[in-house]
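Given next are the chains, with one letter for each unit.
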Amino acid sequence: MKNFTFQNPVKIVFGKDTIAQLANELPKDAKIMITYGGGSIMRNGVYDQVIAALKGFTYIEFGGIEPNPHFETLMKAVEMARAEKVDFLLAVGGGSVIDGTKFISKAIRYAGDCWDVVVDPKAVSELVPLASVLTLAATGSEMNNGAVITRAATQEKYAMYGAYPEFSILDPQVLYSLPKFQIACGITDSYIHVLEQYLTKPDQSPLMDRWAEGVLQTLIEEAPKVMKEDPDYNSMANFMLSATMALNGFISMGVEQDWTTHMIGHELTALTGLTHGVTLAIVMPRIMDVLRKEKGDKIVQYGERIFHITSGTYDERIDETIRRTEEFFNSLGIKTRLSDYEVKEDVIDEIERRMAERGWKLGENRSVDAPVVREILEKSK
Ligand code: NZQ
Ligand code: ZN
C-alpha cells in the first residue's frame with residue numbers, strides 16, 4: 001500500500017425533505033449567491049424549496065450555468081459576486097453547477113487572469129466558501145474538491161482541484177425529475193469513477209478492492225430499478241449514495257489510480273459536445289482491451305468478482321469481462337462506439353495532436369502517450 005493522507009471535510013446531509021435544513025446549515029450573516037443551471041430546478045420544485053429555506057437570509061441569484069460549465073459564463077458570475085460582495089456560494093444543481101461554483105469560489109478573490117485558477121495549480125487565492133444542493137447523482141462533486149471547466153472559445157476542458165463544499169444536501173427525491181438519459185449517464189459516470197481507481201493492479205489493498213467492488217455491485221443491482229418508469233425511493237437513495245462514494249476519496253486510499261478514460265473523455269466532450277458519461281462508456285472498454293498486458297490481472301479479478309467469470313483462458317476471461325462491462329452500459333441505453341455519434345476522423349486527429357503537444361503520459365504506469373490514445377480511439381470507432 002502506498003503512503004497517503006486522507007481528509008474529507010464535507011458534511012453530508014442525506015435523505016427525504018432535507019433541503020429545508022439549509023436554514024440550519026447556512027451562515028446567518030452571509031451575503032449568499034445561489035447558482036443554478038438551465039432551469040430544471042424551477043420545474044421540479046427544488047428552487048421553491050431552496051427559497052423557502054432561505055427566508056430571512058440575504059441572497060442574490062445567478063442562473064444559466066450550462067452543462068460542461070463554460071469559463072465565459074462563470075466569469076459573469078464572478079463579476080456579479082465581486083460587485084455584490086458575495087461571501088458564500090450555494091450551488092443548486094448537478095455536477096456542472098457545482099463545478100462551476102467551485103471555479104467561482106476560487107476566482108472571486110484571484111487578482112490575475114482567472115483562467116489561471118483552472119490550469120495553474122500554483123494560482124491560489126482565498127476561497128469564498130461554497131455549499132451545494134445536489135440534483136443529479138453522477139460526478140461526486142458534492143463531496144470532492146474537483147471541478148471540470150470548459151473554455152468554449154478554444155474548445156478546451158480541464159480539471160482543477162482545491163475547493164470542497166462546506167456541506168452538501170442530498171435528497172434522493174430530487175432525482176425523480178431526471179430524464180432517463182441523465183440517470184443512465186450518472187450511473188455510467190459513477191461506475192467508471194470506481195474503475196478509474198480500481199482497475200490498475202491487484203494486491204495493493206484488499207479493503208479498497210472490496211469497497212470499490214461493493215460500489216460496482218450496488219450500481220449494477222440498482223441500475224434497472226432506477227431506470228424503471230416508477231423508481232422507488234430506496235433505489236434512488238442507493239444510487240445517489242453510490243455516486244457520492246464513487247468519487248469522494250474513500251476508495252482510493254493507498255492505491256494507484258488511472259484516469260485515462262476521463263482525460264480522453266474530456267477531449268471528446270470539448271470537441272464534440274458529447275455528454276460526459278457517454279464518452280466514458282465509449283473509451284473505457286477499449287482501454288481495457290489496449291492495456292490488457294498492464295491491467296490484465298486486475299481485469300480478471302474484476303470479471304470474477306463482479307460478473308462471476310471463472311472459466312476460459314486468461315485472454316478469454318479478459319474479453320468476456322470487457323464484453324460484460326460494455327453490455328452493462330448498453331443495457332442503460334448508452335451506445336458505446338464513436339460511429340454511433342458520428343464522431344469522425346478529424347476529432348481523433350485533433351485529440352492525438354493535443355496529447356502529443358502536451359506531452360501527456362497518462363495512466364497508472366504513465367504508458368498512455370499520444371500514439372496509444374490514437375490506438376484506443378481507433379478501436380472505439
Ligand atoms: O441545467 P439544468 O436545467 O439544471 O439541467 C441539467 C442539465 O441539463 C439536468 N438536471 C440536473 N438535475 C436535474 C436535471 N434535470 C431534471 N431534474 C433534475 N433533478 O441534467 C443536465 C446535466 O446536468 P450536469 O450538471 O451537466 O450533469 P452532471 O452532474 O453529470 O455533470 C457533468 C459535469 O461534471 C463534470 C463533467 O466533466 C461535466 O462537466 N465532472 C465533474 C467531476 C467532479 N467534479 O469531480 C468528475 C466527473 O468525472 C466529471 O468530469
Ligand atoms: Zn466522470
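Preceding block: the structure.
Residues numbered from 1 in each chain as written. Chains lettered and ligands numbered in written order. Predicted model: local features only at pLDDT ≥ 70, side-chain atom pairs only at ≥ 80, totals over all residues. Heavy atoms only, no water.

Mind showing me how you'd approach the packing of helix 10 (residues 260-272) against helix 11 (residues 276-290) here?
Packed helices, taken two at a time, are described by the angle their axes make and the gap between the axes. Relative to each other, helix 10 and helix 11 sit at 135°, their axes nearing to 8 Å. For the element pair helix 10 / helix 11, the angle class is oblique. Remark: the crossing between helix 10 and helix 11 carries right-handed chirality. Residues Thr-260, Thr-261, His-262, Ile-264, Gly-265, His-266, Leu-268 and Thr-269 of helix 10 form the contact with helix 11, whose participating residues are His-276, Thr-279, Leu-280, Val-283, Met-284 and Ile-287. In the contact of helix 10 with helix 11, the residues fall into six nonpolar, eight polar and no charged. (Axes fitted to C-alpha atoms, helices over the stretch in contact; angles between N-to-C directions. Helix = DSSP H or I, 4+ residues; strand = E, 2+ residues; numbered from the N terminus. Parallel < 35°, antiparallel > 145°, perpendicular 65-115°, else oblique. Left-handed = near helix turned anticlockwise from the far one by under 90°. Contact = heavy atoms within 4.5 Å. Nonpolar A, V, L, I, M, F, W, Y, C, P; charged D, E, K, R; others polar.)

Whenever I open this one, the site of ligand 1 confuses me. Can you help?
Within the structure, ligand 1 sits among 33 residues, and Ser-40, Gly-95, Ser-96, Lys-157 and His-193 are positioned closest to it. At 2.9 Å from an oxygen atom of ligand 1 is found a side-chain nitrogen or oxygen belonging to Asn-144. When isolated, ligand 1 has an accessible area of 960 Å², and the protein chains bury 89% of it. At the level of secondary structure, the elements contributing two or more residues to the shell around ligand 1 comprise helix 5 (95-107), strand 6 (146-151), helix 7 (180-198) and helix 10. Grouping the constituent residues of the shell around ligand 1 by class yields 10 nonpolar, 20 polar and three charged. Taken domain by domain, the shell around ligand 1 gets at least three of its residues from each of domain 1 (11-174) and domain 2 (180-379). (Near = heavy atom within 4 Å. Polar contact = N/O pair within 3.5 Å; in protein donor to acceptor, adjacent residues only side chain to side chain. Areas by Shrake-Rupley, 256 points an atom, 1.4 Å probe, with all protein chains shown as cover. Domains from an automatic or database assignment.)

Teacher, can you tell me more about the side chain of His-262 here?
In this fold, His-262 is placed in helix 10. Classification of His-262 by relative accessible area gives buried; the value is 6%. Here the side chain of His-262 touches Glu-196 through a polar contact of 2.7 Å, side chain to side chain. Ignoring any residue separated from it by four or fewer positions in sequence, one finds His-262 in contact with Asp-189, Ile-192, His-193, Glu-196, His-276 and Leu-280. (Buried < 20%, exposed > 50% of the residue type's maximum accessible area, 1.4 Å probe, protein only.)

So, to be careful, I would describe these as geometric facts and stop short of saying anything about function.
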